[in-house]
Amino acid sequence: MKQYCYYPGCSSEATAKGLGLSIEAIAGPLEIELVEPKGWVCCGAVHYGSLDSTEAIVVAAYSLALAEATGLDMVTPCTGCYVTFTRAAKKLKEDAVLMQQVNRGLAAAGLEYKGSVRVRMLTEVLINDIAPQSIASKMKRSLNGLKVAPYYGCQLVRPNFGFDDPEAPQKLDNLINSLGAEAVPFPMKNRCCGSSLVIPEEKIALDFVYKVLKSAADNNAQCIVTPCPLCQVNLDAYQGKANSKFKTKYKLPVLFVSQLIGLALGLDKKALGLHTNIVSPKSVLKHIATKKQGVAGGA
Amino acid sequence: MEPRIGVFICHCGSNIGGTVDVAEVARFAEGLEGVVVASHNKFTCSDQGQTIIKQDIKNLSLNRVIVASCSPTMHEPTFRRVCQDAGLNPYLFEMVNIREHVSWVTVDKQKATEKAKALVAAAVRRVVYHQPLPKREVEINPNTLIVGGGIAGIQAALNIADAGYKVYLVERNSSIGGHMAQLDKTFPTLDCSACILTPKMSLVGANPNIELLTYSEVEEVGGYIGNFKVKVKKKARYIDVDKCTGCGECVNKCPVYAPSQFNMGLAQRRAIYRPFPQAVPNAFTIEKRGRPPCRAACPAGVNAQGYIALISQGKYKEALGVLRETMPFAGVCGRVCTHPCEKECERGKVDQPVAIRALKRFMADYEIKTGRECNQPVEINKKDRVAVIGSGPAGIACAYDLIRQGYAVTVFEAAPQAGGMLRYGIPEYRLPGDVIDNEINYVKELGVEIKTSSPVKDLNKLLKDDYKAVFVAAGAWVSQQMGIAGEDSEGVTNAVDFLKQANSGEGIKLGNKVAVIGGGNAAIDAARVARRLGAGEVSIIYRRSRDEMPAEAEEIKQAEEEGVKINILAAPVEVLTQNGCLSAIKCIKMELGEADESGRRRPLPLEGSEYDIDADNMIIAIGQKVDKDALPDGLDYSDWGTLSVDSVSKQTNMKNVFAGGDVVRGASDVISAVADGKQAAISIDRYLSGVDLKEGRPKAFKKAEDVPKDGVEKQARAEMPLLGSEKRHSFDEVDLGLDEEAALREANRCLNCGVCSECMQCAENCEPGAINHDMQDEIVELDVGSIILATGFKSFDPSRIYRYGYGRMDNVITGLELERLVNSAGPTDGHITLKDGTSPKSVGIIHCVGSRDKKYHEYCSRVCCMYSMKLAHLVREHLPGTEVHEFYTDIRSFGKGFEEFYNRVLEEGVNFVRGLPGEVTDITENPEEEGKLIVQVEDTLAGCRQRLPMDMVVLSCALEPQPDAGDVARMFNISRSEDGFFLESHPKLAPLSTATDGVFIAGCCQSPKDIPDTVAQASGAAAEVLSLISRGMVEVEAATASIDERACSGCQLCLQLCPYLAISFDEEKQVCRVNEALCKGCGTCVAGCFSDAISLSHYTNEQLMAQLEGML
């Protein structure tokens, strides 16, 4: 049993419920223990940093301090949280003055951050600590033949914190392939989905959504799989609008990596939160159900 | 003598004076013990400054001088000369560096002054202990080594040679010319590169003062200025350059194609090649990467790549000739060889191994189809006769090799027909008798005598009959027993006897149910023969699982197609009989346990699992052993019951008797038997010639590694056409053989791992006899006085920048590639074409690829702007109307005529976009972009984002240091700057010399530069060398090491440490001694000596301790 300090992030409790549910569901079978620190707050992502960078770091440091108290690696499933925490932790490590400033703020809440937390992305933990082979060895259902577009989004690989090559990432592809599914070539795999523009500039955002969907469909993907809750909700919820704008009829389910793994582990679709997906994942479930059940990969 | 010290402190303008309080340091120095005068000067190195020192020496009778100024590498020689001019020994001078060590690295004025004082105080204490040293001069050897045969090396070589001195020009490629030979036109004048370069190249070739060492690399450098000792490795080019006339006859014969490096891989050349027609020397080179894995894997060393290459060219007869260089069995091995070659085939790493065995058979079939001429008998020129016992593959292979060396050979065969196990052990449907006949006849026609029905029992009789050596290859003809009850009942037989009877055409009666015991090829053969003889139910009983069956998978598959059942994990424990006749076999079930020594899992019986199998006949096929009764007496046996021989020489306990094949190995395969026969033939020849049997055996070879597989498209392996299973009632052959079309296609799948296939077609067709495939690398030792390094650059590999798509997208090419495309002597005869052969209508040229980019190279490569514009001009000249876009960051057109050229290209209508493209992509956004390469760029002048669809994108790649620049720098003991290029000793005033005296640099190995600058540097380096030569002598450091013989322990560690070979060992006195003429005063030995016996003049312990004390 491997232990991690689990920071779910706000998305996985709201717009991306499927993410939170599926992670909790797969943790047991994969022998991962997720310790959620009590009282965690928003990571301070998105726009806060451009208004007051120091305050934004204090917000991040609040949860970092909570995580530090557990003595475990801090794992988040959200790419936004991951980038925010990684950046904050890096800045604090390099800037002693900032650290003092931030700790003065944290003192008001009775907290202190020493700078020892290792921030990690859940997908990276699954790939590096748990290993695709070991996940495959626990498979109960074959995903054989399911054509999947592996969507990294922009934040998982940028800025380059060493997870994967920002220009030609491969690790998600490998994970998908090890489950017996087939990661299709997907040139848009690391391009922006437009999610941060969807409120202020919807037209531009729909352009982005359309390009990603088209690239996946052109490469015969049956679904898109992503670790990012922001990408997921954008590609899922705005797929209809993009269709009407571009007169297309895409019906591509957008699944979380954890949901795909959960399916391979034979978990219940409700437990994986698949009912919260907007574009119905029925076609994916049907594909899996009709395939002869045998266990591929490292079994 | 009382020390009288003068201290002279320099301001170096504001360089030192701005940070150090120079006057204060002078005041401080004045108060130090022994100091007679301390003064300061704006520029001590100036004429006026020097005069002050000279006057003070004379007027104040100074006997020690200290100058505190810049680095000694800058001005120590200057001030030493000043002292000498004033009559003071130069070694009584000491320099203090208060610029690089103090003022340039210190901000705080007070601290800087304190440090300067401490350093001056140290020097004052040290200089007291200085001793006058005699001047040392060495002679300059007038020969020069130039490394690198590009335009820089060529220019320097011609300059020096024209002055009448000897030059060795070393070039690692097979021709001189370097990168300039690859260029089409040169900017800004648009001279044809070849037209201005090749005349110079031929001058080099013709100049008697220049010794060209092409295809060579420097291995080792020793010595010092004026007296370098250099070892150069002349790599084997397999061509005698002096004999080769460059006629090119060999090229037409060569069956192997390889990418042409000269044409940037855009065209193919042969394995024997000349990079370009104007090459100097105008001789060919053969590229060998090593022994191909197929050949290395073959026990007999059959040159598979050789015959496959020739098959691919439709030269079937020549191909068969290559195989017959090694052995006569194309048809036999083409059918039944276990083909270890295919397991190692590199093609298997791409898709599937080449069907080597099927190709071998194709050659044999083709000859039979088209008819074979009778062989001419070999002339017997050896007096000794050799006897071979056994006419199987081992015996025949041995006889074949011996008769071709001129020995008379007689083969004695016990059976009525020749062929051994080939004839009597392998069924006809796998290996037809006429195939064996043909190949044995081939050997007989050479003059080998084969006596059938002639068993040999008495070796002494043979030896008395004047046979001087014997090779015993009588095979293993007795079946192993199972050791179970009832094994000798009627109805039980073994595979050896069964197959022999079947192959001899003897009538065999079988019941309906036949069980074969065993999992090897003999078991499968027996089962399939039983089916053909009419048995209704044939089953194989094998004790392990299917994966462990030693028989070939293809054979098992065919057997099953023919209705043979396979019972795995079962072992017979008893033969059940009725009236003495077999009725059933009692078997026990097995399970697999731990792996045994063969690596296969050991079968273990499952107790109580016995069951019966009904059977009318049982054929035991669990292995064979040697029939001792049939072999001659007097030979030793191993514990396995086989003949005992030396593993290398195959010699038995009798010195003139050798043995091989199954009689030594037990039941084995054909190719191993052939290998034994060949090795025995070598031993017999050595034995009869009185040469040591084992020296140099087995012969070492280099295996081809890192076979490139980029761009190899997957292609299915040729399937062997089979006789339909419904037709397999008779003994007609099952494998039908490849047809010509399939064979050609299959042969072309070969990756030519060794590059040269050693098919020997070139050597056979070379009239001047210039080709020697056995050539070895050779080391040449040179004595030279000066060295010029002109090793050039490497073009940056743009596939490192993923977003530009080089290597991923067709039609993204490098500048050098376009250079070849636009060249009328290039791969497309000067037509600029896309991958599909059409011409581009739009071309985008991206500048600064790998340059001015902190991720790759921070520096500007200096030539890219200009060559990009030149290429733009050439594209529009070749294809008028083509849209050309230049994507640039800044245009750097700084040279003579460069800006004018820029204006010309602008006026010609080339579009200039200021902006570094973010990416080149084939992801389209609208129909106009379909099929194009889209350059996405922010136009920083127009202030907008642009997507520009192009047909072709050209990357103007950086110039970077050669990949081995670090090794070269170490070898020549010079430094490199941060960017990796060789470091000059002063960026402005000594740009051609290096940290090592006598070693100069020129051209792009120093930094990226254009042709005019390169040529200027080369001539400059030549002038430096000529200046040294004309001086004839050069003064060297007088400081040398000396060994106190009383303290020397004779351990000789210093001897190994000395880089100048200046230390020798006196055997008589058991001490080491320094040759002062060779010592460079580096001090390595001093630091290394455990006994503290070595001291270095001018760096004595006293001096160093005093210096330290002064500082503290």
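The residue numbers shown here count from 1 along each chain, following its written sequence. Chains and ligands are labelled sequentially in the order written, the chains with letters from A and the ligands with numbers from 1. Totals for whole chains, interfaces and linings use every residue, but because this is a predicted model, local features are given only for residues with pLDDT of at least 70 and side-chain atom pairs only at 80 or more, for both listing and counting.

Asker: Would you mind showing me how to read the overall build of chain B here?
Answerer: Put simply, DSSP marks the helices as runs of H or I at least four residues long and the strands as runs of E at least two long, and each gets a number from the N terminus on. Looking only at helices and strands, one finds 33 helices and 50 strands in chain B. Against the 2.2 N^0.38 benchmark of 32 Å for 1112 residues, chain B shows a C-alpha radius of gyration of 40 Å, more extended than a compact globule. Long-range contacts, defined as pairs at least 24 residues apart, comprise 72% of the intrachain contacts of chain B with a sequence gap of at least 6. The reference for a compact globule is 2.2 Å times residues^0.38; the radius of gyration itself is calculated from the C-alpha atoms. Think of it this way: build a C-beta for each residue from its backbone, and any pair within 7 Å is a contact.

Asker: Hey, could you run me through the overall build of chain A in this one?
Answerer: A tally of helices and strands in chain A yields 13 helices and 8 strands. Its C-alpha atoms give chain A a radius of gyration of 19 Å, within 12% of the compact-globule value 19 Å for 299 residues. Counting only C-alpha atoms and orienting by the principal axes, one finds that chain A spans roughly 60 × 45 × 30 Å. In chain A, which comprises 299 residues, the proportion classed as buried is 49%. Using C-beta atoms placed from the backbone, we call a residue buried if 20 or more other C-beta atoms fall within 10 Å of its own, exposed if 12 or fewer do, and partly exposed for counts in between.

Asker: Would you mind showing me how to read the environment of Thr577(B) here?
Answerer: All names here are of chain B. Assignment of secondary structure puts Thr577 in strand E26 (residues 570-578). Classification of Thr577 by C-beta neighbours within 10 Å gives partly exposed; the count is 16. Sequence separation of Thr577 and Leu190 is 387 residues, and the distance between their C-alpha atoms is 98 Å. Every residue in contact with Thr577, bar those within four places of it in the chain, is listed here: Gly486, Ser489, Leu582 and Ser583.

Asker: Explain the environment of Gly1110(B) to me, please; I cannot follow it from the model alone.
Answerer: Residues and elements named next belong to chain B. By the element assignment, Gly1110 lies in helix H33 (residues 1101-1111). Residue classification places Gly1110 among the buried residues on the basis of 20 C-beta atoms within 10 Å. Taking the C-alpha atoms as reference points, Gly1110 and Leu119, 991 residues apart in sequence, are found 7.8 Å from one another.

Asker: Even after reading the chapter, I still don't get unusual backbone geometry, so can you show me in this structure?
Answerer: Backbone geometry follows two general trends: most residues other than glycine have a negative phi, and most peptide bonds adopt the trans configuration. Backbone torsion omega between Val280(B) and Pro281(B) reads 0 degrees, so that peptide bond is classified as cis. Pro698(B) follows Arg697(B) through a cis peptide bond whose omega is -10 degrees. Even without being glycine, Asn220(A) reaches a positive phi, approximately 65 degrees. Relative to the helices and strands, Asn220(A) is located in the loop between helix H9 (202-218) and strand E7 (223-226).

Asker: What exactly am I supposed to notice about the sheet that holds strand E4 (residues 93-97) of chain B here?
Answerer: Either a parallel or an antiparallel arrangement is found when strands of a sheet pair, and the pairing is made through backbone hydrogen bonds. Residues and elements named next belong to chain B. Strands are treated as partners if at least two bridges between them are detected by DSSP. Sheet architecture is open: 4 strands sit in the order E2-E1-E3-E4, paired in parallel fashion. The two strands at the open ends of the sheet, each matched to only one other strand, are strand E2 (35-41) and E4. Strand-to-strand twist of the sheet, defined as the mean angle between neighbouring strand axes without regard to direction, takes the value 15 degrees. Examined bridge by bridge, strand E1 (residues 5-10) and E2 share 6 bridges and lie parallel to one another. Here an axis means a line fitted to C-alpha atoms, over the contact stretch when the element is a helix, while the angle between two N-to-C directions is reported on a 0 to 180 degree scale.

Asker: Looking at this structure, how should I read the pairing of E7(A)?
Answerer: Note on strand geometry: in a regular strand, side chains alternate between the two faces of the sheet. Residue and element names in this part refer to chain A. Burial of the side chains of E7 extends over both faces: Cys223 and Val225 are buried on one face and Ile224 and Thr226 on the other. As paired elements, strand E5 (residues 147-150) and E7 share 3 bridges and run parallel to each other. Its bridge partner being in E7, Pro150 is matched across the sheet by Val225. Here E7 runs beside strand E8 (residues 254-256); their pairing, made up of 3 bridges, is parallel. Bridge pairing links Val225 to Leu255 in E8.

Asker: Is there a simple way to think about the environment of Ala399(B) in this case?
Answerer: Residue and element names in this part refer to chain B. By secondary structure assignment, the location of Ala399 is in helix H15 (residues 393-404). Accessibility expressed as a C-beta count within 10 Å gives 31 for Ala399, which makes it buried. Along the chain, Ala399 and Asn656 lie 257 residues apart, while their C-alpha atoms are 16 Å from each other. For Ala399, the residues in contact, after removing those within four places along its chain, are Val388, Val409, Val411, Val443 and Val448.

Asker: Mind showing me how you'd approach the nonpolar core here?
Answerer: Residue and element names in this part refer to chain B. We define the nonpolar core as any set of buried residues of the types Ala, Val, Leu, Ile, Met, Phe, Trp, Tyr and Cys, connected via C-beta atoms lying within 7 Å of each other. By size, the foremost hydrophobic cluster in this structure holds 166 residues, and its most contacted members are Ala399, Phe471, Val516 and Ala526. The leading source of residues in this core is helix H23 (residues 670-689), at 10 residues. Sequence-distant contacts of Ala526, that is, excluding residues within four places in its chain, are made with Ala495, Phe498, Leu499, Val516, Ile619 and Ala621. If you look at the next biggest cluster of nonpolar residues, it comprises 109 residues, including Ile787, Leu789, Tyr902 and Cys1005.

Asker: What am I meant to see in the sheet that holds strand E3 (residues 74-76) of chain A here?
Answerer: Residues and elements named next belong to chain A. What the 4 strands build is an open sheet, ordered E2-E1-E3-E4; its pairing is parallel. The open sheet has two edge strands, strand E2 (32-35) and strand E4 (119-121), and neither has a second partner. Neighbour to neighbour, the strand axes of the sheet diverge by 45 degrees on average, direction disregarded.

Asker: What am I meant to see in the packing of helix H6 (residues 151-162) of chain B against helix H7 (residues 193-206) of chain B here?
Answerer: When two helices pack together, their arrangement is given by the angle between the helix axes and the distance between those axes. Residues and elements named next belong to chain B. Interhelical geometry of H6 versus H7 gives an angle of 50 degrees and a closest axis separation of 10 Å. Judged by the angle between their axes, H6 and H7 are oblique. Taken as a pair, H6 and H7 cross one another with a handedness that is left-handed. On H7, the residues touching Ile151, Ile154, Ala157 and Leu158 of H6 are Leu197, Lys200, Met201, Leu203 and Val204. Its residues assigned to classes, the contact of H6 with H7 shows 8 nonpolar, no polar and 1 charged. Between 65 and 115 degrees an angle is taken as roughly perpendicular, under 35 as roughly parallel, over 145 as roughly antiparallel, and anywhere else as oblique. When the near helix sits turned anticlockwise from the far one by under a right angle, the crossing is termed left-handed; a clockwise turn instead gives a right-handed crossing. Note that Gly is not counted as nonpolar here; it falls among the polar residues with everything else outside the nonpolar set of Ala, Val, Leu, Ile, Met, Phe, Trp, Tyr, Cys and Pro and the charged set of Asp, Glu, Lys and Arg.

Asker: Could you clarify how one ought to interpret the confidence of the model for chain B in this entry?
Answerer: Detailed reading of the predicted coordinates is not advisable wherever pLDDT is low. The predictor reports its confidence for every residue as pLDDT, a score running from 0 up to 100. Per-residue confidence for chain B gives a mean pLDDT of 94; residues scoring 70 or more make up 100%. The ipTM, which scores confidence in the relative placement of chains, is 0.79 for this predicted complex, and the corresponding pTM is 0.84.

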